[in-house]
Amino acid sequence: QVQLVESGGGLVQAGGSLSLSCVASGRTTTYAMGWFRRAPGEEREFVAALTWTGSRLYYADSVKGRFTISKDNAKNTMFLQMNSLKPEDTAVYYCAANVLGATTDQRQYNYWGQGTQVTVSS
């Protein structure tokens, strides 16, 4: 089992920045990890993902150029730096781990955190 705990959400004005963290514990191994989000009334959607080594990064078109995903394997922590935030980025953000490899398909992810709220005011 792997436990994932997100932190760093909050309220920010449009154009501002936030940094999310996701700490993994338990039987952590060579998991790919990703960030997903669910806006009010919407389905959960892919945001970004990276391989265990961090050598391959994947981004949704909607966040490309504004968000940066990274990880520190020594600390079992993944990050999402969010810049130039827009009101449409408002959502609950979830981190997830995938034993098979980095993918945009949330159905492939085995473990999920509880989520952290990000609210961007206009």
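Further up the page is the structure itself.
Procedures and definitions
Residues numbered from 1 in each chain as written. Predicted model: local features only at pLDDT ≥ 70, side-chain atom pairs only at ≥ 80, totals over all residues. Heavy atoms only, no water. Salt bridge = Lys/Arg side-chain N within 4 Å of Asp/Glu carboxyl O. Helix = DSSP H or I, 4+ residues; strand = E, 2+ residues; numbered from the N terminus. Buried < 20%, exposed > 50% of the residue type's maximum accessible area, 1.4 Å probe, protein only. Contact = heavy atoms within 4.5 Å. Polar contact = N/O pair within 3.5 Å; in protein donor to acceptor, adjacent residues only side chain to side chain.

A.B. asks: Teacher, can you tell me more about the pattern of salt bridges here?
C.D. replies: When charged atoms on two side chains of opposite charge get close, those side chains can pair. Following the criterion strictly, the structure yields 5 salt bridges and no others. Asp-89 serves as the salt-bridge partner of Arg-37, at 2.9 Å between the closest nitrogen and oxygen. Taken together, the residues span a long stretch of sequence, with Arg-37 in strand E4 (residues 32-38) and Asp-89 in the loop between strand E8 (77-82) and strand E9 (91-98) at a distance of 52 residues. Residue Arg-37 is classed as buried on the basis of its relative accessible area of 5%. Put simply, Asp-61 and Lys-64 hold a salt bridge, and the shortest N to O gap is 3.2 Å. The network of salt bridges with common partners includes Arg-37, Glu-45, Arg-66 and Asp-89.

A.B. asks: It is not clear to me how unusual backbone geometry should be interpreted in this structure. Could you clarify?
C.D. replies: Most peptide bonds are trans, and most residues other than glycine sit at a negative phi. Non-glycine residue Asn-76 carries a positive phi angle of around 50°. Relative to the helices and strands, Asn-76 resides in the loop between strand E7 (67-72) and E8. Despite not being glycine, Ser-84 has its phi angle at roughly 50°, a positive value. With respect to the helices and strands, Ser-84 occurs in the loop between E8 and E9.

A.B. asks: Got a minute to help me understand the environment of Thr-119 in this structure?
C.D. replies: Within the element layout of this structure, Thr-119 appears in strand E11 (residues 116-121). Residues Thr-119 and Glu-88, spaced 31 residues apart in sequence, show a C-alpha to C-alpha distance of 9.0 Å. When residues no more than four places from it in sequence are discounted, the contact partners of Thr-119 are Gly-10, Leu-11, Val-12 and Thr-90. A distance of 3.3 Å separates the side chain of Thr-119 from the side chain of Gln-117, its partner in a polar contact.

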